[in-house]
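# An overview of the molecular structure
Listed below, chain by chain, are the residues.
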Amino acid sequence: MLAPIEILARLKERLVTALEGLHLTQDAGLLSVILELPQAPTFAPPLAGPRFQFAHRDRNRLQAGYGIAAEWRASGAGRLRQLRAQAVQLRASWQQLDVDETGQRGFALLGFAASPTEAGGHGDGTLPDALLWIPELAIVSERGRGALVLSTPLPADPEGLRSRWAAWLERLLPLLASEQADTTSVATRLRRSLDRPDIAEWEELVYAALTEIDQGRLDKVVISRRLRVATPRAFDLQRLMIVLGELFPSCQLIELSRGQTSFVAATPERLLAQHGDQVEVDAIAGTVARAASLDRDVELSEALTNSAKDRREHDLVIQAVRTALASCSREVAVPPHPSVMQLRNAQHLWSPVRARLDPGMDVLTLAELLHPTPATNGEPRRAASAWLRRSEAVDRGWYTGAAGIITPDLTGELWVLLRCAEINGATADLFAGAGIVAGSDPLCEWQETEDKLAAMLTALELA
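The notes below deal with the structure included here. Per-chain numbering applies: the sequence of each chain, read as written, is numbered from 1 onward. For this predicted model, a pLDDT threshold of at least 70 governs which residues receive local features, and a threshold of 80 or more governs which side-chain atom pairs are given and counted, while totals over whole chains, interfaces and linings are taken from all residues. Hydrogen atoms and water are omitted, and side-chain values are computed over all heavy atoms in the structure.

Put simply, DSSP H or I for four residues or longer makes a helix, DSSP E for two residues or longer makes a strand, and each gets a number counted from the N terminus. Within the secondary structure layout, Arg225 lies in strand E13 (residues 220–230). For every residue, the accessible area (1.4 Å probe, protein chains only) is compared with the maximum for its type, and the residue is labelled buried under 20%, exposed over 50%, or partly exposed between those bounds. Judged by its relative accessible area of 0%, Arg225 is buried.

By salt bridge we mean one thing: a side-chain nitrogen of Lys or Arg within 4 Å of a carboxyl oxygen of Asp or Glu. The full count for this structure, using the stated rule, is 36 salt bridges. In this structure, the salt-bridge partner of Glu313 is Lys309, at a minimum N-O distance of 3.7 Å. You can see Glu313 and its partner Lys309 sitting in helix H7 (residues 308–326), 4 residues apart, about one turn around the helix. Since its relative accessible area comes to 6%, Glu313 is described here as buried. It is possible to trace a salt-bridge network through shared partners that takes in Lys220, Lys309, Asp310, Glu313 and Glu445.

Axes, fitted as lines to C-alpha atoms, cover a helix only where it is in contact. Angles between the N-to-C directions of the axes lie from 0 to 180 degrees. Where helix H5 (residues 237–247) meets helix H10 (residues 442–461), the axes come as close as 9 Å, and the angle between the chain directions of the two elements is 130°. Here H5 is positioned oblique relative to H10, judged by the angle of their axes. Pair H5 / H10 crosses with right-handed handedness. Residues Leu240, Val243, Leu244 and Leu247 of H5 touch H10, and the partners they reach there are Met456, Thr458, Ala459 and Leu460. Note that Gly is not counted as nonpolar here; it falls among the polar residues with everything else outside the nonpolar set of Ala, Val, Leu, Ile, Met, Phe, Trp, Tyr, Cys and Pro and the charged set of Asp, Glu, Lys and Arg. For the contact of H5 with H10, the per-class residue count stands at 7 nonpolar, 1 polar and no charged. Working rule for angles: under 35 degrees goes down as roughly parallel, over 145 as roughly antiparallel, 65 to 115 as roughly perpendicular, anything else as oblique. In this scheme the handedness of a crossing depends on how the near helix is turned from the far one: anticlockwise by less than a right angle means left-handed, clockwise means right-handed. Only heavy atoms matter for contacts: two residues are in contact if any of them lie within 4.5 Å across the pair.

What follows covers the nonpolar core. The criterion is simple. A nonpolar core is a set of buried Ala, Val, Leu, Ile, Met, Phe, Trp, Tyr and Cys residues joined through side-chain atoms within 4.5 Å. With 69 residues, the main nonpolar core has Leu271, Leu272, Leu325 and Trp398 as its most contacted residues. Apart from residues no more than four positions distant in its own chain, Leu272 is found in contact with Val279, Glu280, Val281, Val363, Leu366, Ala367, Leu370, Gly412, Glu413 and Leu414. Listed in part, the 59 residues of the second largest apolar core include Leu35, Ala44, Ala156 and Cys251.

Bringing H7 into the picture now. A rise of 1.5 Å per residue sets the reference length of H7, with its 19 residues, at 27 Å; its end C-alpha atoms lie 26 Å apart and thus fit the reference within 8%. Looking only at H7, the buried set comprises Lys309, Asp310, Glu313, His314, Leu316, Val317, Ile318, Val321, Ala324 and Leu325. The length a helix should cover is 1.5 Å for every residue beyond the first.

Moving on: the environment of Gln39. Its location among the elements puts Gln39 in the loop between strand E1 (29–37) and strand E2 (51–56). Take Gln39: its relative accessible area is 44%, and that puts it in the partly exposed class. Along the primary structure Gln39 and Arg382 are separated by 343 residues, whereas in three dimensions their C-alpha atoms are 49 Å apart.

Each aromatic ring pair is specified by the distance between its two centres and by the angle formed by the two planes. The pairing test for Phe, Tyr and Trp rings, Trp by its six-membered ring, is centres within 6.5 Å, and the orientation test on the planes gives stacked under 30 degrees, edge-to-face over 60, and tilted for anything in between. Considering all chains together, one arrives at 4 aromatic pairs under this definition. Geometrically, the ring pair formed by Phe52 and Trp133 is edge-to-face, given 5.0 Å between the ring centres and 80° between the ring planes. In this pair, Phe52 is assigned in strand E2 and Trp133 in strand E9 (residues 130–134), connecting sequence segments 81 residues apart. For Phe52, a relative accessible area of 1% translates into the label buried. Looking at Trp133, the relative accessible area reads 1%, which means it is buried. The residue whose ring lies beneath Arg225 is Trp446, and the NZ or CZ to ring-centre distance is 3.6 Å. Should the NZ of a Lys or the CZ of an Arg lie within 6 Å of a ring centre and within 35 degrees of the ring normal, that charge is described as sitting over the ring.

Summarising burial for strand E22 (residues 402–406): 5 of the 5 residues are buried, a large majority. Neither face of E22 is left uncovered, since the one carrying Ala402, Gly404 and Ile406 and the one carrying Ala403 and Ile405 both have all their residues buried. Criterion used throughout: strands pair if DSSP finds at least two bridges between them. By the bridge criterion, 5 bridges tie strand E6 (residues 108–112) to E22 in an arrangement that is antiparallel. Within E22, the position partnered with Gly111 by the bridge is Ala403. Pairing geometry for E22 and strand E23 (residues 412–416), over 5 bridges, is antiparallel. Its bridge partner lying in E23, Gly404 is registered against Leu414. Taking the residues between adjacent antiparallel strands as the criterion, E22 and E23 are bridged by 5 residues, where Leu410 takes a positive phi near 65°.

A separate point is the state of the cysteines. Cysteine sulfur atoms are paired as a disulfide whenever they fall within 2.5 Å. One pass over the full model with this rule turns up 0 disulfides. Of all cysteine sulfurs in the structure, the one in Cys420 sits closest to Cys251, which takes part in no disulfide; the separation is 11 Å.

On to unusual backbone geometry, then. Cis geometry marks the peptide bond from Leu154 to Pro155; its omega dihedral reads 0°. One can find Pro155 in the loop between strand E11 (145–154) and helix H3 (158–176). In this structure, the amide linkage connecting His371 to the following residue, Pro372, adopts the cis form with an omega of -5°. The topology assignment puts Pro372 in the loop between helix H8 (363–370) and strand E21 (378–379). One non-glycine residue with positive phi stands out, namely Glu331, at about 55°. Considering the arrangement of structural elements, one finds Glu331 in strand E18 (residues 329–333). For Glu331, a relative accessible area of 55% translates into the label exposed.

Further remarks concern the side chain of Asp282. Considering the arrangement of structural elements, one finds Asp282 in strand E17 (residues 278–289). Residue Asp282 is classed as buried on the basis of its relative accessible area, which comes to 4%. Polar contact criterion, stated in full: a pair of N or O atoms within 3.5 Å, where within protein one must be able to donate a hydrogen and the other to accept it, and residues adjacent in sequence count only if both atoms are side-chain atoms. Within polar-contact distance, the side chain of Asp282 engages the backbone nitrogen of Arg270 at 2.9 Å. In terms of polar contacts, Asp282 uses its side chain to reach the side chain of Trp350, at 3.0 Å. When residues no more than four places from it in sequence are discounted, the contact partners of Asp282 are Pro268, Glu269, Arg270, Trp350, Ser351 and Pro352.

Within strand E20 (residues 346–357), 9 of the 12 residues are buried, which leaves the element mostly enclosed by the surrounding structure. For E17 and E20, the ladder comprises 10 bridges, and the chain directions are antiparallel. Paired with Gln278 across the strands is Arg356, a residue of E20. Here 3 bridges tie E18 to E20, and the two strands are oriented antiparallel to one another. Within E20, the residue paired with Ser329 across the bridge is Leu357. By the bridge criterion, 4 bridges tie strand E19 (residues 339–342) to E20 in an arrangement that is antiparallel.

Shown next as C-alpha cells:
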C-alpha cells in the first residue's frame, strides 16, 4: 500500500501532465480533471470552508465537494427555471478530462428550500433559496473505486491553477489516510430550549387543518415542528455523519456547510432519480413506529398496511406523482400495493413509481413538476401551500426542500430533505412533520413527529 506522501506525489505528477497542452487561457466554460485514487475513500474529511457530502452506506457510495469553482443562486417562483437556464449553457461548455478513465465526471450540487422566497435566503442566509454549486475539489467513491475531481472556470491562469489544485491535494490526502472519528464516547444529554409549536398550539393547528378538510378545501396538509436542542460543547459533524450511517444505513446522508451553519439530513425519500430517459420517484406516506419485540413490530407493520387512513394518505401521494409524470413521460408504472419501508425508528408505506421520460427532460424540469409532493406539503398542492403560508408557525428553510447531485447532462438524483438538523456550534434545530387527513388525531400525529425527531436526536447525543 502506498504511503500518503507517495500518493500525493503521483497525483501531482498526473495533474501536471494532464494540464500540459490545454489552452486554459483561451477557452470559456468550465474544466473538470478526474484522477483515480488508489483507494476508495470511506468518509469525507471536514475541510474548512464551503463543503457538502452525500453518503449512502448500503450503496457504499460517497460524493463530496469542497470550495466553489462556480455557483448560481436563484429565488422566487421561477427559481428552478432560472437555474436550468444556467445549467443548459453550462452543459455545452463543461469539458471533462478523465485522465485515468475512471468513468466519473464532474458534478454539481442542486438544492432548494421548501418554498420559494423573493428575499433569496433562509435563516442566517448561509443557504439561499435555490443553489447550483460546482465544487473546486470533489471526491467520489463507488463500487470500490475512488476518484478526485478538480474543477475550474475558464479561462484560468495555468501556474495559479496548478498551485491552487496542488494545495487542495496537500490538504485532503493526509486526512483521507487518517482514521475516522471515534463514535464510542458516552452519549451527551441534550437540553431542549425551543419547541414550536408547543403541544397546545399543535392541537389547535391540527383541528384547524381538519376543519379545512371537512369543508372540502383540502384533502391533506402536512404541518411541521421545529425543536431546538443544545449541548455544553459544539457538535462534531464528522462523528455525527458516521453515527447516522451506523444508525440509518439505508438512508441518504446529506451535509451542507456554509459559513458557521451546517444542514444535516438522514432521509429515506428520493424526490427523483433520473438515468437517461428513465425516472424513479419514491411515494412515501403513512407512518407507524417500530417496536422492541419482533411480534409487536410485525403487528404494527400489518396494521399500517391495513389502515384505511394511512392508505388514503399514501394514495394521495401516488396520484400526485402519477399526474406529474404523466405530463412528461410514457409508461408510468405504479406497484399494485405499497411495501413497508422499515427504518430504525419508523415504518412507512412506500411505492417506487417509475416512468419512461419524453425526450428533453432533465432533473430541474422534473423537480419543478414534482416538488412539493403531498408527502411534505399536501393536496391540492396550491391550496395546501397557501394554507401553510397563512397558518404554519415554522420557517422550514431547506427542511422538506430537496438536494442532490446532477451531472453535466442534467440527469441525476435529488432527495427530499427530511430527518433534518440545522447545526450552529453547540445548538441544533431539528424538524419533523405529520400529514393531516380525515381521521387524524392531534396527539397521535404529535407522537409521530416525536418518533421522527428521535432519529436525529439519538445521533446528536453521540456527536
